[in-house]
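Here is how the chains run, residue by residue.
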Amino acid sequence: MNLSASVEPEPTLKVAPLPDGAGDSLTGTIDLSTAATARDLLDAVWRPGASVALELSGLEFMDSTGLNLICRGLATLGDRGSLVLRNPRRIVRRILVVSGIVDRPNVRLAEG
């Protein structure tokens with residue numbers, strides 16, 4: 001009889017610069033356990049008036065923590081800045097759509 005409990009791996013988040021320098025690729029999860037890492041890594045991307053792209057195809061999950069970080073980034077970008085959210089997975093796309101973030105005039109979802 002095996003009484004050992006399986007241990008779930010710690011959620012992780014990796015952020016890597018996009019080749020075009022316009023933003024970053026996110027891989028893993030954005031939730032409470034990775035919020036500090038996400039905030040620290042993404043703070044370098046948000047600049048007033050900048051055009052930022054986030055490649056989300058590797059982002060497996062995002063909760064309200066991720067939405068909060070995106071809203072914070074949009075506030076920093078301001079009216080002159082823009083945000084492109086590239087290739088979100090179905091669950092992440094749903095969160096972005098239901099939250100209304102994608103309805104903002106300076107936010108665009110992109111595929112491909």
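You'll find the structure just up there.
Residues numbered from 1 in each chain as written. Predicted model: local features only at pLDDT ≥ 70, side-chain atom pairs only at ≥ 80, totals over all residues. Heavy atoms only, no water.

Observations regarding the overall build of the protein
Looking only at helices and strands, the protein has three helices and five strands in total. The order of α-helices and β-strands along the protein, N terminus first, is β-β-α-β-α-β-α-β. A burial count over the protein gives 41% of its 112 residues as buried. For the protein, contacts bridging at least 24 residues in sequence account for 68% of all contacts bridging at least 6. As displayed, the protein has an accessible area near 6,800 Å², and 53% of this comes from carbon and sulfur atoms. The centroid of the 12 positive side-chain charges in the protein is displaced by 6 Å from the centroid of its 13 negative side-chain charges. (Helix = DSSP H or I, 4+ residues; strand = E, 2+ residues; numbered from the N terminus. Buried < 20%, exposed > 50% of the residue type's maximum accessible area, 1.4 Å probe, protein only. Contact = heavy atoms within 4.5 Å. Areas by Shrake-Rupley, 256 points an atom, 1.4 Å probe, with all protein chains shown as cover. Lys, Arg positive; Asp, Glu negative; His and termini not counted. Charge placed at Lys NZ, Arg CZ, Asp CG, Glu CD.)

Brief notes about the nonpolar core
By size, the foremost hydrophobic cluster in this structure holds 26 residues, and its most contacted members are L26, L54, L83 and L96. Of all the secondary-structure elements, those providing two or more residues to this core are strand 1 (13-17), strand 2 (23-30), helix 1 (35-42), strand 3 (51-62), helix 2 (64-77), strand 4 (82-86) and helix 3 (90-99). Apart from the residues lying within four places of it in its own chain, the contact partners of L96 are L56, M62, L67, I70, L85, P88, I101, V102 and L109. (Core = buried A, V, L, I, M, F, W, Y, C linked by side-chain atoms within 4.5 Å.)

Overview of the environment of L109
For L109, the location among the structural elements is in strand 5 (residues 107-110). For L109, the contacting residues outside a window of four places in its chain are L85, P88, R93, L96, V97 and V102.

Comments concerning unusual backbone geometry
Here N87, not a glycine, exhibits a phi torsion of approximately 50°, which is positive. Looking at the secondary structure, you find N87 in the loop between strand 4 and helix 3. Judged by relative accessible area, which is 17%, N87 ranks as buried.

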